[in-house]
Amino acid sequence: MKVVFPYIAQTHQIPHSFPIAAELATQRPDWAVHIACSTDEQERLVRRLMGLYPNARLRIDRLRISWLQRLYQRLRGEGIPPKTLVLIGNRRYFRRFDALVVPERTSLLLKKLHLPKLRMIWTNHGAPGRAVTYADDLIEFDYVLLAGEQQAARMREQGTLREGRYHAGCYAKFDLVDRLDAQRRRLFDNDRPTVLYNPHFEAGLSSWPKHGFAVLEHFAQSKGWNLIFAPHIRLFDRRDPATQAQLDRYRTLPHVLIDTGSDASIDMTYTQAADVYLGDVSSQIAEFMVRPRPCLFINSHDAAWQNSPDYLFWQLGTVIANVDDLDVALSDAVANHGHWIERQRQYFRDTFDADPETIGRSAAAGAAAIASFLETSR
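Residues numbered from 1 in each chain as written. Predicted model: local features only at pLDDT ≥ 70, side-chain atom pairs only at ≥ 80, totals over all residues. Heavy atoms only, no water.

**Let's talk about the overall build of the protein**
- The helix and strand inventory of the protein stands at 14 helices and 13 strands.
- Here the protein has a C-alpha radius of gyration of 21 Å; the compact-globule value for 378 residues is 21 Å, and the two agree.
- On the principal axes, the C-alpha backbone points of the protein span a range of 60 × 45 × 40 Å.
- By the burial criterion, 58% of the 378 residues in the protein qualify as buried.
- Restricting the contact set of the protein to residue pairs at least 6 apart, pairs at least 24 apart contribute 66%.
- Counting only carbon and sulfur atoms, one obtains 49% of the accessible surface of the protein, whose full area is about 16100 Å².
- Where the 47 positive side-chain charges of the protein centre and where its 44 negative ones centre are 9 Å apart. (Helix = DSSP H or I, 4+ residues; strand = E, 2+ residues; numbered from the N terminus. Rg over C-alpha atoms; globule rule 2.2 N^0.38 Å. Buried < 20%, exposed > 50% of the residue type's maximum accessible area, 1.4 Å probe, protein only. Contact = heavy atoms within 4.5 Å. Areas by Shrake-Rupley, 256 points an atom, 1.4 Å probe, with all protein chains shown as cover. Lys, Arg positive; Asp, Glu negative; His and termini not counted. Charge placed at Lys NZ, Arg CZ, Asp CG, Glu CD.)

Encoded structure:
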């Protein structure tokens, strides 16, 4: 059996499927399990993660990227080549495989390129809790790995789930936590509590356009808090010199850490290190719930979020409409965390079919489910 795990998007998607690739290669040593990268940054991260799985026999390939695609990438100031063009340009490469395992949905384009034996498997990238994790085109995958049965139930209700073609209880990124924790460093040389500010990249949902710099300025002046500003990696897809110059004002402050796209911003370094989460709609809040802690959410768009399944995360802490009284909101969030802690634990159980203390073993089960599907569906 030949299986490929291609990466055609930003590096934040890699931790959501790489542990499954490593486990699959370990469980089926006679299979050819390939990792296909389209950028140097992807390959560097993949090779780093391979060090955590020394027994996994993985093969790394580079997808073909034309000079025209690289030029287009540079002219647009983006970190990755155009995804659809990468898929089309590498259709002969993908034709070699029995299965393709991806954390994104753009690769469904391959269904239209006459690759008759290629079965397509989706791993998700990010916890369910927003509408994007229930897209209509998920029905086109041959098999899907889901966070838990709650996600399966909503997909079933929407008609986007193939019965018998899914495995629930897999969030592969959690498997990296214990392996990486031993390598993590102390982030601040003080004993202040730390806030993680993690805005999303979509302007219509994110707190960044309206409130972002006000948050940074507040913490720049703070005498009681550290701040980690680690937004969704796509927030600064296109480098704007003016914005970067504004951010540079805060980089020299000893109690403020600015990270707009390093490995630490995607491998749970910051969700593990912070004492309080401050954000909007990013699914990283689910990763923060590995250890339930105080949360604040900024509603910058007057969203009608109460009782909406698309704002599930906002039931885990206080929702504020502005950042004028941020110190008061932070103090209240810490003081009243006892009110939220059982709700946070229940959210984790419902979402991942597990307690926070039992995470770290779901990638192996996901890999076994994929192997069983491929062996029985020839």
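**Observations regarding the layout of surface pockets**
- Of the pockets and cavities examined, the second largest pocket occupies roughly 460 Å³.
- Lining the second largest pocket we find 23 residues, and of these Gln 10, Thr 39, Glu 41, Gly 79 and Ile 80 sit closest to its centre.
- For the lining of the second largest pocket, the class distribution of residues is 5 nonpolar, 10 polar and 8 charged. (1 Å grid on protein atoms, 1.4 Å probe; cavity = no way out; pocket = protein on both sides within 12 Å on 5 of 7 lines; lining within 4 Å. Points joined across faces, edges and corners; volume = space filled by probe spheres on them. Nonpolar A, V, L, I, M, F, W, Y, C, P; charged D, E, K, R; others polar.)

**Comments concerning the sheet that holds strand β3 (residues 58-62)**
- One open sheet accounts for 7 strands, arranged β3-β2-β1-β4-β5-β6-β7; its pairing is parallel. In this open sheet, the two edge strands, each paired with only one partner strand, are β3 and β7 (166-168). Along the sheet, successive strands turn relative to each other by an average axial angle of 20°, direction set aside.
- As paired elements, strand β1 (residues 2-7) and strand β4 (residues 99-102) share 2 bridges and run parallel to each other. Directly across from Val 3, in β4, lies its bridge partner Ala 99.
- Lying over the sheet, helix α6 (residues 149-158) contacts β5 (119-122), β6 (143-146) and β7, oriented at roughly 140° with respect to β7. (Pairing = 2+ DSSP bridges. Axes fitted to C-alpha atoms, helices over the stretch in contact; angles between N-to-C directions.)

**Regarding helix α1 (residues 18-27)**
- Counting buried positions over the 10 residues of α1 gives 8, a clear majority of the element.
- Within α1, the full set of buried residues consists of Phe 18, Pro 19, Ile 20, Ala 21, Ala 22, Glu 23, Leu 24 and Ala 25.

**Thoughts on the pattern of salt bridges**
- If you walk through the whole model with that rule in mind, you get 19 salt bridges.
- Two residues, Asp 142 and Lys 111, come together in a salt bridge whose shortest N-O distance is 3.1 Å. Taken together, the residues span a long stretch of sequence, with Asp 142 in the loop between β5 and β6 and Lys 111 in the loop between β4 and β5 at a distance of 31 residues.
- The class of Asp 142 is buried, set by a relative accessible area of 12%.
- Residue Lys 111 is classed as partly exposed on the basis of its relative accessible area, which comes to 37%.
- Note that Arg 184 is salt-bridged to Asp 267, the shortest N-O span being 3.5 Å. Linking Arg 184 in the loop between α7 (175-181) and β8 (194-198) with Asp 267 in the loop between β10 (256-258) and α10 (269-273), this pair joins segments that are 83 residues apart in sequence.
- Bridged by salt links that share partners, the residues Arg 44, Arg 48, Arg 184, Asp 263 and Asp 267 form one connected network. (Salt bridge = Lys/Arg side-chain N within 4 Å of Asp/Glu carboxyl O.)

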